[in-house]
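Structural description and commentary
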Amino acid sequence: MELWPGAWMVVLLLFLLLLFVLPTLWFCSPSAKYFFKMAFYNGWILFLAVLAIPVCAVRGRNVENMKILRLMLLHIKYLYGIRVEVRGAHHFPPSQPYVVVSNHQSSLDLLGMMEVLPGRCVPIAKRELLWAGSAGLACWLAGVIFIDRKRTGDAISVMSEVAQTLLTQDVRVWVFPEGTRNHNGSMLPFKRGAFHLAVQAQVPIVPIVMSSYQDFYCKKERRFTSGLLFGIFNF
Ligand SMILES: CCCCCCCCCCCCCC(=O)SCCNC(=O)CCNC(=O)[C@H](O)C(C)(C)COP(=O)(O)OP(=O)(O)OC[C@H]1O[C@@H](n2cnc3c(N)ncnc32)[C@H](O)[C@@H]1OP(=O)(O)O
Ligand SMILES: CCCCCCCC/C=C\CCCCCCCC(=O)OC[C@@H](O)COP(=O)(O)O
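In the annotation of an unreviewed UniProt entry, the protein is listed under the name 1-acyl-sn-glycerol-3-phosphate acyltransferase and assigned to Pteropus vampyrus. Its UniProt record gives the protein a comment under Pathway (unreviewed entry), which states: "Phospholipid metabolism; CDP-diacylglycerol biosynthesis; CDP-diacylglycerol from sn-glycerol 3-phosphate: step 2/3." Note on the protein: under the UniProt heading Sequence similarities (unreviewed entry), the record states "Belongs to the 1-acyl-sn-glycerol-3-phosphate acyltransferase family."

Considered as a void within the structure, the largest pocket measures approximately 1400 Å³ in volume. Lining the largest pocket are 50 residues, with His-104, Ile-124, Ala-125, Lys-126 and Phe-176 positioned closest to its centre. If you list the elements that add at least two residues to the lining of the largest pocket, you get α2 (30-57), α3 (65-73), α5 (109-116), β3 (121-126), α6 (133-141), α7 (152-168) and α8 (193-201). In this model, the second largest pocket occupies a volume close to 430 Å³. Every residue lining the second largest pocket is counted, 23 residues in all, and those nearest its centre are Arg-61, Gly-143, Ile-145, Val-162 and Thr-165. If you list the elements that add at least two residues to the lining of the second largest pocket, you get β4 (145-147) and α7. Considering every element that reaches the lining of the second largest pocket, the biggest residue donor is α7, with six residues.

A word on the UniProt feature "domain: Phospholipid/glycerol acyltransferase" (unreviewed entry) in the protein. UniProt feature "domain: Phospholipid/glycerol acyltransferase" (unreviewed entry): in the numbering of this structure it lies at residues 98-213. Counting secondary structure, residues 98-213 comes out at 37% helix and 20% strand; the distance between its end C-alpha atoms is 27 Å.

Near ligand 2 you find Asn-42, Ile-45, Leu-46, His-104, Ser-107, Lys-126, Ala-132, Gly-133, Arg-149, Thr-180 and Arg-181, and these make up its full shell. At 2.5 Å from an oxygen atom of ligand 2 is found a side-chain nitrogen or oxygen belonging to His-104. A distance of 2.6 Å separates an oxygen atom of ligand 2 from a polar side-chain atom of Thr-180. Relative to its free-state accessible area of 760 Å², ligand 2 is covered by the protein chains to the extent of 65%. The leading source of residues in the shell around ligand 2 is α2, at three residues. For the shell around ligand 2, the residue count by class is three nonpolar, five polar and three charged.

It is worth spelling out the UniProt feature "transmembrane region" (unreviewed entry) in the protein at this point. Annotation from UniProt places "transmembrane region" (unreviewed entry) at residues 6-27, 39-60 and 129-147. Helix makes up 100% of residues 6-27 and strand 0%, and the two end C-alpha atoms of the span are 32 Å apart. As annotated, residues 39-60 comprises 86% helix and 0% strand, and the C-alpha atoms at either end are separated by 29 Å.

Take the side chain of Glu-178 next. Within the secondary structure, Glu-178 sits in the loop between β5 (172-175) and α8. For the buried Glu-178, no salt bridge is present, and the opposite-charge side chain at shortest range is Arg-181, 10 Å distant.

The phi torsion of most residues other than glycine is negative, and most of the peptide bonds are trans. We note that Asp-170 has phi near 50°; this positive angle belongs to a residue other than glycine. As for its placement among the helices and strands, Asp-170 is situated in the loop between α7 and β5. Exposure remark for Asp-170: the relative accessible area of 34% places this residue in the partly exposed category. In this structure, Arg-222 takes a positive phi of about 50° despite not being glycine. As for its position among the elements, Arg-222 is in the loop between β7 (217-218) and β8 (223-224).

Looking at the element boundaries, Pro-5 is found in helix α1 (residues 5-28). For Pro-5, a relative accessible area of 69% gives the class exposed. Considered as a pair, Pro-5 and Pro-207 are 202 residues apart in the sequence and their alpha carbons are 65 Å apart.

What counts and what doesn't
- Residues numbered from 1 in each chain as written.
- Chains lettered and ligands numbered in written order.
- Predicted model: local features only at pLDDT ≥ 70, side-chain atom pairs only at ≥ 80, totals over all residues.
- Heavy atoms only, no water.
- UniProt positions renumbered as here; feature names shortened; annotations may be inferred.
- 1 Å grid on protein atoms, 1.4 Å probe; cavity = no way out; pocket = protein on both sides within 12 Å on 5 of 7 lines; lining within 4 Å.
- Points joined across faces, edges and corners; volume = space filled by probe spheres on them.
- Helix = DSSP H or I, 4+ residues; strand = E, 2+ residues; numbered from the N terminus.
- Near = heavy atom within 4 Å.
- Polar contact = N/O pair within 3.5 Å; in protein donor to acceptor, adjacent residues only side chain to side chain.
- Areas by Shrake-Rupley, 256 points an atom, 1.4 Å probe, with all protein chains shown as cover.
- Nonpolar A, V, L, I, M, F, W, Y, C, P; charged D, E, K, R; others polar.
- Buried < 20%, exposed > 50% of the residue type's maximum accessible area, 1.4 Å probe, protein only.
- Lys, Arg positive; Asp, Glu negative; His and termini not counted.
- Salt bridge = Lys/Arg side-chain N within 4 Å of Asp/Glu carboxyl O.

Okay, structure coming up:
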C-alpha cells in the first residue's frame, strides 16, 4: 500500500507535537502529571505481571509465588521517589499463622505492603481484581484470596475456608478491614471478616498503619509529587 506523500509529513508533525506537548504537560500541569504517573503505575504493574506469570506458573497456584511478585514490585518506590520507612517490624510474630489488618488509602498501598510482606502471606482482594488482565492472573498464581463483596454469604464461606488453610498450610493473611480504599484522612468502620477469621483460626491479629499520603498524593486534587516519605507503623 502506497502512503499519500504528505502523510509522512503529518506523522512527523504529530510526533513532534507529542514530543513537545507531553513534556510541557508533565512540567506545567500537576493533573496531567498525576494521570501519567497513575497510568504508568498500572501499566508497569500489568507489564511486570506478564513477566511474573511464566515464572509463577512453574509452581502453579502457590503462596510461595507471592515472594516473586514482592521482589518484582519492590523497585517501584524508587521510580516514584517514595521513601518507605518501616517502624516496629520486629512486632511480627516470628513463625506462626496470623491475620494482618491495615488501613487502605489507595492502590499505592501495594508499595507499603510489599515492603513488609511476611513470608507465606496472601492478601484478601475483591473478586474484580481477578479480571485485571495479567495482574489478576499473577495474583491468582500467588494465592491471593478473592471474595465477592456483593455476596456476603459467599465471602464468609471463603473466609471460613481460609481459617482452615491458615492452620493446615501455615499461611498468613493480609486483610484491609475497611473493605475498600479510603483516602479522606480518616478510617471507615471495620468490616468484621478479619476478626471472625482470627477468632475461628485462634490466631493473633497484627495491626499495621500506613501514614497518610496527603503530602505527596491526593486523588481528589489530582496531585502526585515525589520525594516524600510515608511510614509504616506496626505496633
Ligand atoms: C506483579 C503483579 C502484582 C499484582 C499485585 C499483587 C498484590 C495484590 C494486592 C491486592 C489488594 C486488594 C485489596 C482489596 O481488594 S480490599 C477489598 C476486599 N477486602 C475486603 O473486603 C476486606 C474483607 N472484608 C470482610 O471481611 C467483610 O466482612 C466481608 C466481605 C466478609 C463481608 O462484608 P459485608 O459488608 O457484607 O458485611 P460485614 O462485615 O458487616 O458482615 C456482615 C455479617 O457477617 C458476619 N461475618 C462476617 N465475616 C464472617 C465470618 N468470616 N464468619 C462468620 N460471620 C462473619 C458479620 O459478623 C456480620 O454479622 P453481624 O455481626 O452483623 O451479626
Ligand atoms: C486486559 C485488562 C486490563 C485491565 C486493566 C486493569 C488495570 C489495573 C492494573 C493493575 C492493577 C494493579 C494492582 C493494584 C493492586 C491494588 C488493588 C487495589 O487497591 O484494589 C482496590 C481494592 O482494594 C478496593 O477496591 P475499591 O476501592 O472498593 O474499588
